[in-house]
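For reference, the chains in residue letters:
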Amino acid sequence: MQEEALKATMEKVVAWRRWLHQHPELSFQEKETSAFVERQLRAFGWKVRTGVGGYGVVADLEGELPGKRIALRADMDALPIQDAKECEYASKVPGVMHACGHDGHTAALLGAAELLTKSAERLKGSVRLLFQPAEEMTPGGAAAMIRDGALVGVDEI
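Source: prediction; values computed, not measured.

About the cut-offs
- Residues numbered from 1 in each chain as written.
- Predicted model: local features only at pLDDT ≥ 70, side-chain atom pairs only at ≥ 80, totals over all residues.
- Heavy atoms only, no water.
- Helix = DSSP H or I, 4+ residues; strand = E, 2+ residues; numbered from the N terminus.
- Buried < 20%, exposed > 50% of the residue type's maximum accessible area, 1.4 Å probe, protein only.
- Expected span 1.5 Å × (residues − 1).
- Contact = heavy atoms within 4.5 Å.

Undergrad: Looking at this structure, I do not really get unusual backbone geometry. What am I missing?
TA: Negative phi values dominate among residues other than glycine, just as trans dominates among peptide bonds. The omega torsion of the bond from T138 to P139 falls at -5°, within 30 degrees of zero and hence cis. With respect to the helices and strands, P139 occurs in the loop between strand 4 (124-132) and helix 4 (141-147). Of note in this structure, F28 is not a glycine but carries a positive phi near 65°. Position of F28 relative to the elements: it lies in the loop between helix 1 (3-22) and helix 2 (31-44). Within the chain, A134 stands out as a residue other than glycine whose phi angle is a positive 55°. With respect to the element layout, A134 can be found in the loop between strand 4 and helix 4. Using a relative accessible area of 0% as the deciding quantity, one classes A134 as buried.

Structure follows, in structure tokens:
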């Protein structure tokens, strides 16, 4: 893959992460985060399912060659912590912030989605992306996503 494409995607990953950091949502409340993820994935051309186990998002990309279905996962929820840092991308939500890095997880997986889209003709098998809500609470969003079929047909994760 060309260096320019990687650099362009990395710039987007940084911008997405900063947007997500500014707009954190607590567990089981990831409505806007899910909508943001869905918009990006649809723009890349992925087949997207929303409302999986609550606010979970599942997206599939079929490769041109036969092979396994591999899943990649990121969490989306934030924590009830005040963001005390002073920078342009500090949380805009009082008492809520991405203190665990889930904004980075989500942005990085979106970056992987964009790059995988550009390589679909060389992809053996398919890729499923799992954007999980409510990782920080028990019971979390993973069990609900599994109940809603997020892992059906997945060979490895």
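Undergrad: Can you help me understand helix 3 (residues 102-118) in this one?
TA: Since one α-helical turn is 3.6 residues long, residues separated by three or four positions face the same way. With 17 residues, helix 3 should reach 24 Å at 1.5 Å per residue; the first-to-last C-alpha distance of 25 Å fits that figure. Within helix 3, burial applies to H102, D103, T106, A107, L109, L110, G111, A113, E114 and L115. Of the surrounding secondary structure, the elements contacted by the buried residues of helix 3 are helix 1, helix 2, strand 3 (65-75) and strand 4.

Undergrad: It is not clear to me how the side chain of T9 should be interpreted in this structure. Could you clarify?
TA: Assignment of secondary structure puts T9 in helix 1. Setting aside residues up to four positions removed in sequence, T9 forms contacts with G111, E114, L115 and K118.

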